[in-house]
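Observations on chain architecture
One letter stands for each residue in the lines below.
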Amino acid sequence: MIAVALALGLSAKTKAPQPALQFDPNAGEARVMTMHDGTRVRYTAYERLYFVTNIEDSAYQFLNVYVPDGATQQTPIFLRTYVGGYMASAAGQPQDGDASGRALKEGYVLVIPGSRGRNSTVTATKSDKKKGVKKGQTIYTGRAPAAILDLKAAIRYLRHFDDVIPGDAEHIITDGTSAGGAMSSLMGATGNNPAYEPMLQAMGAADERDDVFASVCYCPITDLDHADMAYECLYNGTDSRQQGDADVLAVSNELKAMFPAYLASLNLYTPDGTLLTADNYLDYIKSELIRSAQIAKNAGADIPDSLGFVFSAPSINGGGTRVSKQEIADQMHMSVNELDKMLSRDIQVRPPMQLRLAKWVGEYIIDLDMDKYLNYVVSTRPLKTAPAFDTQGVVGQNASGENEEFGDSKGSSVNFTEYSAAKTGNVITPEIANHVSLLNPMNFIGDSVTDVAPHWYIRHGARDRDTAFPVPINLALKLQNAGKDVNFLLAWNRPHSGDYALDELFEWIKSLR
Ligand code: DHB
């Protein structure tokens, strides 16, 4: 599609090809950013740096570079993409409230690239008529894999001018959230892979490497071709699915049944060397949720018992015996429900009972009722339908953003999973299959022709249901199994969000060198 648009030489919003990429070291502008705590950060801004010579969309295909005072050629580069919802994302300026401003404050060179997205268009002009495109016709130029191509071109641009742009292009740390987290994971996982090369050449990207040093991925909405089955593997048993639309539940059941084969194909091992199978997979997710809640509890968070956690009994000397709420309810000769009701009404409890109730908030979290926890997650934000991503035409549902992402230059939306295509009588053409493959970091980790980033920081909120926990968990494990340094957490009580716990993030970044 990109090749088509380039061949058409579409003129609206496009620019005449530049003979060469450019960077003027004297074009910087001195600026100051005031942080939330009043600190002032002085930096130099270099903006509108086009990273391809065949500029198809002049509003998006450039990057901005911000160099804090004191940065040198050896300073690592923090590259923040603002892609969200697989939409076009313009190169913006540093924000004092997120990781971009924090990176500047910490002294890193900050790069914010723009990139085309599923809503990017150019309008054909009269001169395009002889090429079979009507004047005024809208051409979609940002469908997959355009965004990752733009981001790779941006990385290549930084390498191309590494000697003159302050900062070290051999130490690029990418960061993004959600679809941007997916883009960050792709920048980290697809370095120098030859499959992207012809398209990058056609765009006029620099003839340079595009691997990076580290990737920070907040709630990456990725592995789109398996995200539907992962979603139902996790959420099929929730009240919301079981008591919802019967057609949707039937879809959910079918998708859930497909997940074990996918899991087996991944051949993933937990950090302690256990092979993950359909039989132990939910227990592994449970252990990750318990680890998350325990970290939060250690930091002083109040973890409500109502979410399904079971705590060890407290003891002055540590340790203690395992006491479940059920056991306490039994002692009280009542049901857990009645006990919950009583507690929620804040009834005055007699001292012996207080003592016994205290037993379930010991030092350690020792178990979790997953059904209860998943129902809680869904109560904080309703589930997506089933399928969660490739919805188009399945039990009469509309196209999702992801259906658009894989659509073509005419603006179509398409199915991109075999499951949904079979349901709707569509076929996944080799072109669509290729685009889906190029957008999935899981396909490149561990192969011999890709330079995968050595360092990873992956976060997914413990109550984020935009994609299911298996997606970031599988990504983290695949990277770990391939020998990468991975800092992974289902961050406690976080919904779908990013750039949080920045003190911790920047401690991690500092530890890398
Ligand atoms: C985003 C969120 C989604 O739920 C999704 O399906 C795709 C992208 C986002 O926030 O970028």
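Predicted model, so just to flag it, every value in this text is computed and none were measured. (Residues numbered from 1 in each chain as written. Predicted model: local features only at pLDDT ≥ 70, side-chain atom pairs only at ≥ 80, totals over all residues. Heavy atoms only, no water.)

1. Quick look at the overall build of the protein chain
When helices and strands are tallied, the protein chain shows 18 helices and 13 strands. A separation threshold of at least 6 residues defines the contact pool for the protein chain, and within that pool the share at least 24 residues apart is 74%. Summed over all atoms, the accessible surface of the protein chain reaches about 21,100 Å², with 50% contributed by carbon and sulfur. (Helix = DSSP H or I, 4+ residues; strand = E, 2+ residues; numbered from the N terminus. Contact = heavy atoms within 4.5 Å. Areas by Shrake-Rupley, 256 points an atom, 1.4 Å probe, with all protein chains shown as cover.)

2. Overview of the packing of helix H9 (residues 281-298) against helix H17 (residues 470-481)
Viewed as axis vectors pointing N to C, H9 and H17 meet at an angle of 90°, and their least axial separation amounts to 12 Å. When the axis of H9 is compared with that of H17, the two are roughly perpendicular. Residue-level inspection shows Tyr281, Tyr284 and Ile285 of H9 in contact with H17, the latter providing Pro470, Ile473, Asn474 and Leu477. Of the residues contributing to the contact of H9 with H17, the split by class is six nonpolar, one polar and no charged. (Axes fitted to C-alpha atoms, helices over the stretch in contact; angles between N-to-C directions. Parallel < 35°, antiparallel > 145°, perpendicular 65-115°, else oblique. Nonpolar A, V, L, I, M, F, W, Y, C, P; charged D, E, K, R; others polar.)

3. Notes on the pattern of salt bridges
Evaluated as defined, the whole model comprises 26 salt bridges. Its salt-bridge partner being aspartate 150, residue arginine 116 comes within 2.8 Å of it at the nearest N-O pair. One end of the pair, arginine 116, is in the loop between strand E5 (109-113) and strand E6 (121-123); the other, aspartate 150, is in helix H3 (residues 146-160), and 34 residues separate them in sequence. For arginine 116, a relative accessible area of 0% corresponds to the buried category. On the basis of relative accessible area, aspartate 150 is assigned to the buried category, the value being 0%. One salt-bridge network, in which partners are shared between bridges, spans Arg80, Asp98, Asp175 and Asp499. (Salt bridge = Lys/Arg side-chain N within 4 Å of Asp/Glu carboxyl O. Buried < 20%, exposed > 50% of the residue type's maximum accessible area, 1.4 Å probe, protein only.)

4. Brief notes about empty space enclosed by the protein
Scanning the model with the defined rule gives one cavity of 30 Å³ or more in all. In this structure, the largest cavity occupies an estimated 30 Å³ of space. In terms of lining, the largest cavity is formed by Pro76, His171, Ile173, Phe213, Ile509, Leu512 and Arg513. Counted by class, the lining of the largest cavity contains five nonpolar, one polar and one charged residues. (1 Å grid on protein atoms, 1.4 Å probe; cavity = no way out; pocket = protein on both sides within 12 Å on 5 of 7 lines; lining within 4 Å. Points joined across faces, edges and corners; volume = space filled by probe spheres on them.)

5. Some points on the site of the ligand
If you check the shell around the ligand, you find Gly84, Gly85, Ser178, Ala179, Ile221, Lys384, Phe389, Glu402, Asp466 and His496 and nothing else. Taking serine 178, its side chain carries an N or O atom lying 2.6 Å from an oxygen atom of the ligand. Side-chain polar atom of histidine 496 to an oxygen atom of the ligand: 3.3 Å apart, as the coordinates give it. Burial of the ligand by the protein chains amounts to 79% of its free accessible area of 290 Å². Split by residue class, the shell around the ligand holds three nonpolar, four polar and three charged. (Near = heavy atom within 4 Å. Polar contact = N/O pair within 3.5 Å; in protein donor to acceptor, adjacent residues only side chain to side chain.)

6. Some details on the side chain of threonine 174
Secondary-structure assignment places threonine 174 in strand E8 (residues 168-177). Classification of threonine 174 by relative accessible area gives buried; the value is 0%. Within the structure, the side chain of threonine 174 is placed 2.7 Å from the side chain of serine 184, a separation counted as a polar contact. Look past the residues within four positions of threonine 174 in its chain and what remains in contact with it is Leu79, Ser184, Met187, Val212, Ala214, Ser215 and Val216.

7. As for H9
Side chains of residues three or four places apart in an α-helix project in the same direction, reflecting 3.6 residues per turn. With 18 residues, H9 extends 26 Å between its outermost C-alpha atoms, agreeing within 8% with the 26 Å of an ideal straight helix rising 1.5 Å per residue. Those residues of H9 that fall on the buried side of the exposure criterion are Tyr281, Tyr284, Ile285, Lys286, Glu288, Leu289, Ile290, Ser292, Ala293, Gln294, Ala296 and Lys297. (Expected span 1.5 Å × (residues − 1).)

8. Some remarks on the pairing of strand E9 (residues 214-218)
The element E9 is largely enclosed, with a buried count of five among its five residues. Alternating positions in E9 separate into two faces, Ala214, Val216 and Tyr218 on one and Ser215 and Cys217 on the other, with burial throughout. With five bridges joining them, E8 and E9 adopt parallel strand pairing. The residue of E9 that forms the bridge with aspartate 175 is valine 216. In terms of strand pairing, E9 meets strand E12 (residues 455-461) through five bridges, oriented parallel. Within E12, the residue paired with valine 216 across the bridge is tyrosine 457. (Pairing = 2+ DSSP bridges.)

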